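As a plain string of letters, each chain reads:
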Amino acid sequence: MPELPEVEVVRRGLADHVVGRRFLSVQVHGARVARRHIAGPVDLAARLTGLGVHEASRRGKYLWLRLDGDQALVVHLGMSGQMLVEPPDAPREKHAHAIFDLDDGLQLRFVDQRTFGGLQLIDLVPDEVGATLEDAPRLVPSVITHIAPDPLEAAFEQEAVVRAMRRRRTQIKRALLDQSLVSGIGNIYADEALWRAKLHGERATDRLPLATLRSVLDEAAAVMTAALGHGGTSFDALYVNVNGASGYFERSLEAYGREGRPCRRCGTLIVRESFMNRSSFSCPHCQPRPRYRGLD
């Protein structure tokens, strides 16, 4: 599933090619792509037609386009969702579930092979999570008001996150994946941040020094920033940017997916362990398992 860097690559592409444009006509094919829009695909297409696009925004893995009338088109990429900008005469993708004719003659297409993604038109509301006394609250879709700021946005307050982690009796990887604490860090970049910080994912947050918690958040931000420079991480052809190009940060991963390969820091073979119904990858020498494991 795309994580923060992959979604940010798509957002940047939409900002370059779609912001400032208007939807001349919209086609939405099938109920599944519009399942989060209660009135259905025909109503969704009708409501989107004629609207102008003012901004492409993101929080964590959530992506949306700010439209006329303080409305947002929330794009759920799911496991295989793609937002492609193409000429109208380009061959239609088999799994193109929504087609937007733009006023510059190009088309924006939402393509989703596995159909876990979808589109939703919803109102924008003040962002209380990221609000400060000095600044007016940013407008965000009402469906993401419970999502914490991510490490790459201005509203992120590291010290508040560190204090919240210390108050919880949980494991550090669980904390990194908890979108109410910090958003945008998924399984891949959690493993990479923990490898960089030399921490096992089962270390208890309430027993870690504040400096260590700051360090792992710093490493999460650093590895996701590095991934952005490579266009994100692509393990197959399903994740691409708006021009159809794949990211290549997968070549630079230090832990995730490297089971049985030597750790680039010490040479010990990377191991894979089960964690929260998914796989975790770590170096048993650099990241020894703790005697005490924090539990929720």
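Our subject is the structure listed above.
Please read these numbers as outputs of a predicted model, since none were measured by experiment.

Draft legend 1. Fine view of the overall build of the chain. Helices and strands together make up the secondary structure of the chain, namely 6 helices and 11 strands. The buried share of the chain, reckoned over its 296 residues, is 52%. A fraction of 63% describes how many contacts in the chain between residues 6 or more apart in sequence connect residues 24 or more apart. On the chain, roughly 13,300 Å² of surface is accessible, and the fraction owed to carbon and sulfur atoms is 49%.

Draft legend 2. Expanded view of the packing of aromatic side chains. One pass over the structure, following the stated rule, counts 2 aromatic pairs. Between phenylalanine 23 and phenylalanine 100, the aromatic rings sit 4.8 Å apart at their centres with planes inclined by 45°, giving tilted as the arrangement. Note that phenylalanine 23 is positioned in strand S1 (residues 23–28) and phenylalanine 100 in strand S6 (residues 96–102), a separation of 77 residues in sequence. Like phenylalanine 100, phenylalanine 23 is buried. On the numbers, 5.1 Å between centres and 70° between planes, the contact of tyrosine 256 with phenylalanine 281 is edge-to-face. Remark: phenylalanine 281 occurs in strand S11 (residues 278–282) and tyrosine 256 occurs in the loop between helix H6 (210–229) and strand S10 (271–275); sequence separation between them is 25 residues. Looking at arginine 174, its charged tip hangs above the ring of phenylalanine 275, at a distance of 5.7 Å from the centre.

Draft legend 3. Region of interest: the side chain of asparagine 187. Tracing the backbone shows asparagine 187 in helix H5 (residues 187–197). With a relative accessible area of 11%, asparagine 187 lands in the buried category. A polar atom in the side chain of asparagine 187 sits 2.6 Å from the side chain of lysine 173. A distance of 2.8 Å separates the side chain of asparagine 187 from the backbone oxygen of serine 279, its partner in a polar contact.

Draft legend 4. How the structure looks around the side chain of lysine 173. Among the structural elements, lysine 173 can be located in helix H4 (residues 172–177). A distance of 2.5 Å separates the side chain of lysine 173 from the side chain of serine 280, its partner in a polar contact. When residues no more than four places from it in sequence are discounted, the contact partners of lysine 173 are Asn187, Ala190, Asp191, Leu194, Gly201, Phe275, Ser279 and Ser280.

Draft legend 5. Highlighting unusual backbone geometry. Here the phi dihedral of threonine 115 falls at roughly 55°; this positive angle occurs in a residue that is not glycine. With respect to the helices, strands and loops of the structure, threonine 115 is situated in the loop between strand S7 (107–112) and strand S8 (118–126). On the basis of relative accessible area, threonine 115 is assigned to the partly exposed category, the value being 23%. The phi torsion at asparagine 277 lies on the positive side, around 60°, for a residue other than glycine. Its location among the elements puts asparagine 277 in the loop between S10 and S11.

Draft legend 6. Expanded view of the environment of leucine 102. Among the secondary structure elements, leucine 102 is positioned in strand S6. Measuring from C-alpha to C-alpha, the distance between leucine 102 and glycine 52 comes to 9.5 Å, with 50 residues separating the pair along the chain. If we ignore the near neighbours within four places in the chain, the residues touching leucine 102 are His17, Val18, Arg21, Arg22, Phe23, Leu24, Gln107 and Leu108.

Draft legend 7. The arrangement of the pairing of strand S3 (residues 62–67) in detail. Here 6 bridges tie strand S2 (residues 53–59) to S3, and the two strands are oriented antiparallel to one another. Note on S3: the bridge partner recorded for arginine 58 is leucine 63. Adjacent in sequence and paired antiparallel, S2 and S3 are bridged by 2 residues, among which glycine 60 carries a positive phi angle near 60°. Sheet analysis places S3 next to strand S4 (residues 71–76), joined by 5 bridges and oriented antiparallel. Residue pairing for S4: leucine 67 is matched across the bridge by glutamine 71.

Parameters and conventions
Residues numbered from 1 in each chain as written. Predicted model: local features only at pLDDT ≥ 70, side-chain atom pairs only at ≥ 80, totals over all residues. Heavy atoms only, no water. Helix = DSSP H or I, 4+ residues; strand = E, 2+ residues; numbered from the N terminus. Buried < 20%, exposed > 50% of the residue type's maximum accessible area, 1.4 Å probe, protein only. Contact = heavy atoms within 4.5 Å. Areas by Shrake-Rupley, 256 points an atom, 1.4 Å probe, with all protein chains shown as cover. Phe/Tyr/Trp six-rings, centres within 6.5 Å; stacked < 30°, edge-to-face > 60°. Lys NZ or Arg CZ within 6 Å of the ring centre and 35° of its normal. Polar contact = N/O pair within 3.5 Å; in protein donor to acceptor, adjacent residues only side chain to side chain. Pairing = 2+ DSSP bridges.

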